[in-house]
Amino acid sequence: MATLGTVGEKALVNEIVKNSHSRVALGPGDDAAAIKIGDKCIVVSSDIMSKKTHASEGMSYYDIGWFAAAVNYSDVAAMGAAPIGILVSLFMERDLEVSCFREMMRGVRECSDAIGAEILGGDTKEGAGIVISGTALGIVDEKKMLKRGGAKPGDLIGVTGPIGTAAAGFFAVQSNIDAPGIKKSLFTPFPRTKEGCVLSDSGYVTACMDVTDGLAYSINEISRHSGNVYFEIDWEKIPITEETKDVIRRTNSDELETVLYFGGEYELVFTFDPLGEEYLRKALGGNFYIIGEAKGNDNVMMKSGKPVKLEYRGWEHFKS
Ligand SMILES: Nc1ncnc2c1ncn2[C@@H]1O[C@H](COP(=O)(O)OP(=O)(O)O)[C@@H](O)[C@H]1O
Ligand SMILES: Cc1ncc(C[n+]2csc(CCOP(=O)(O)OP(=O)(O)O)c2C)c(N)n1
Ligand SMILES: [Mg+2]
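This text gives an overview of the structure that appears in the document. Because the structure is predicted, anything quoted here is derived from the model rather than measured. (Residues numbered from 1 in each chain as written. Chains lettered and ligands numbered in written order. Predicted model: local features only at pLDDT ≥ 70, side-chain atom pairs only at ≥ 80, totals over all residues. Heavy atoms only, no water.)

Next up on the list: the coordination of the magnesium ion (ligand 3). Note on the magnesium ion (ligand 3): its protein donors are D31 (OD), D75 (OD) and D210 (OD). The metal-donor distances range over 2.0 to 2.3 Å. Sequence spacing of the donors to the magnesium ion (ligand 3): D-x43-D-x134-D. You can see D31 sitting in the loop between α2 (9-18) and β1 (33-37) and its partner D210 sitting in strand β7 (residues 205-210), a full 179 residues away along the chain. By the burial criterion, D31 is buried, and D210 matches it. (Donors = N, O, S within 2.8 Å, 3.2 Å for Na, K, Ca; no water. Helix = DSSP H or I, 4+ residues; strand = E, 2+ residues; numbered from the N terminus. Buried < 20%, exposed > 50% of the residue type's maximum accessible area, 1.4 Å probe, protein only.)

Bringing the site of ligand 2 into the picture now. Close to ligand 2 lie D47, H54, S56, F170, T212, D213, F262, G263, G264, W315 and H317, which account for all nearby residues. Interatomic distance of 2.9 Å between a side-chain N/O atom of D47 and an oxygen atom of ligand 2. Here S56 contributes a side-chain N or O atom positioned 3.3 Å from a nitrogen atom of ligand 2. Considered on its own, ligand 2 offers 590 Å² of accessible surface; in the complex 83% of this is hidden by protein. Per-class residue counts for the shell around ligand 2 are three nonpolar, six polar and two charged. (Near = heavy atom within 4 Å. Polar contact = N/O pair within 3.5 Å; in protein donor to acceptor, adjacent residues only side chain to side chain. Areas by Shrake-Rupley, 256 points an atom, 1.4 Å probe, with all protein chains shown as cover. Nonpolar A, V, L, I, M, F, W, Y, C, P; charged D, E, K, R; others polar.)

By volume, the second largest pocket amounts to about 250 Å³. For the second largest pocket, the lining is made up of 17 residues, of which T165, S185, P189, R192 and E267 are closest to its centre. For the lining of the second largest pocket, the element with the most residues is helix α7 (residues 180-187), which contributes four residues. Across the lining of the second largest pocket, the residue classes tally to six nonpolar, six polar and five charged. (1 Å grid on protein atoms, 1.4 Å probe; cavity = no way out; pocket = protein on both sides within 12 Å on 5 of 7 lines; lining within 4 Å. Points joined across faces, edges and corners; volume = space filled by probe spheres on them.)

The next subject is the site of ligand 1. Every residue near ligand 1 is listed here: V13, I16, P28, G29, D30, D31, D47, D75, R148, T212 and D213. Here R148 contributes a side-chain N or O atom positioned 3.2 Å from an oxygen atom of ligand 1. Between ligand 1 and T212 there is a distance of 3.3 Å, counted from an oxygen atom to a side-chain nitrogen or oxygen. Notes on ligand 1: free accessible area 560 Å², of which the protein chains cover 64%. Both domain 1 (4-143) and domain 2 (146-309) contribute no fewer than three residues apiece to the shell around ligand 1. (Domains from an automatic or database assignment.)

The strand order β7-β9-β6-β10-β8-β11-β12 describes an open sheet built from seven strands, whose pairing is mixed. Edge positions in the sheet fall to β7 and β12 (306-309), since each has one partner strand and no second. In this sheet, adjacent strand axes meet at a mean angle of 30° when their direction is disregarded. Bridge count between strand β11 (residues 300-303) and β12: four bridges; the pairing is antiparallel. For K303, the partnering residue across the bridge sits in β12 and is K306. The sheet strands contacting helix α4 (residues 61-78) are β7 and β9 (268-272), and the helix crosses β7 at an angle near 170°. (Pairing = 2+ DSSP bridges. Axes fitted to C-alpha atoms, helices over the stretch in contact; angles between N-to-C directions. Contact = heavy atoms within 4.5 Å.)

Note: most residues except glycine have negative phi, and most peptide bonds are trans. Even without being a glycine, N176 presents a positive backbone phi close to 60°. Tracing the backbone through its elements, the reader meets N176 in the loop between α6 (165-174) and α7. Even without being a glycine, F318 presents a positive backbone phi close to 75°. Mapping F318 onto the fold places it in the segment after β12. Since its relative accessible area comes to 49%, F318 is described here as partly exposed.

This paragraph deals with helix α5 (residues 98-114). It helps to recall that an α-helix has 3.6 residues per turn; residues three or four apart then point in one direction. When the terminal C-alpha atoms of α5 are compared, their 24 Å separation across 17 residues agrees well with the 24 Å that a helix rising 1.5 Å per residue should span. When we look at burial in α5, the residues that qualify are C100, M104, M105, G107, V108, C111 and S112. When α5 is viewed along its axis, its buried side chains cluster within an angular range of 140° and face the same direction. In α5, the exposed positions angled more than 90 degrees off the buried face are occupied by R102 and D113. Packing partners of the buried residues in α5 comprise α4, β3 (82-92), β4 (118-126) and β5 (131-141). The first or second residue beyond α5 is G116, which carries a positive phi of 75°. (Expected span 1.5 Å × (residues − 1). Arc of directions from axis to C-beta.)

Below is the structure:
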């Protein structure tokens, strides 16, 4: 008998996507759905988390609230949309301290405030454990909306910030290593809202998504959605902080697994016309790193002069 554990999240989601016949501008399969209104699109995305299976050890209630909001806003940012707000639905047990609930909602509120969005509504019920589900909305000009598909041969590929950070944060927590910078990106990631809007406004960006399931998975997604467009990444160009490298060393973690496949991080990965390089460098300030280009006929990463295959795998619920 097949169980969810043997099939895994990706196959389940693919089944949903395959069986959906969407009549809106964009149905399931991208970071968010899009509904066209005039020449704009409202984008909408939903992410759920359970304290027991999803929150990292050491997260406070405030962090859980912030995280739940941030992961939702990340998907809105990945569409290049300006955030509007979030609906927040909660399952909690009756013996939970009210202060925990207040702290969680303070996290949601402060994350929303930080990006100029607001709490729009939600639902509050008794249920097993603590489950927090968000539905975030944003708005973008239809013509400027960023999707996973659209990359062209010759495009460059970039990221908005360091990779492997949340993974290293996770290992640091497990091994009791004090690494405040990377723990912050694991517990309270800051959504790349401003960057997403810069990318869509620029007119140079051809595809975009966030890196929640790992860099290798995201690159393979953009490749598949763009149709016969493949990428060559340069390992030396992937931004990795010193703190991340230090934790990888000290925990004897596998560097490639940590940086390429662990996931749980919220930078944007995007492809763009090389003509836009200078514009994007200026407009994104420090949050712009070119890591490779669209060429060849497989997704690979050059490391020490040799190509290493970028496998189409990453974080997968029920399996990882
Ligand atoms: N239970 C579900 N019902 C309908 N669509 C779903 C479901 N789960 C996931 N999806 C859709 O599948 C796509 C991929 O989901 P996911 O990997 O969670 O995206 P993301 O990593 O951007 O949050 C999204 O478009 C999402 O809306
Ligand atoms: C046991 C464990 N490993 C790793 C993590 C870190 N982590 C949090 S979310 C995530 C992966 C992606 O999260 P998901 O909710 O699937 O994001 P989505 O793709 O839906 O946006 C990871 C690796 C964790 N919280 N717990
Ligand atoms: Mg996403």
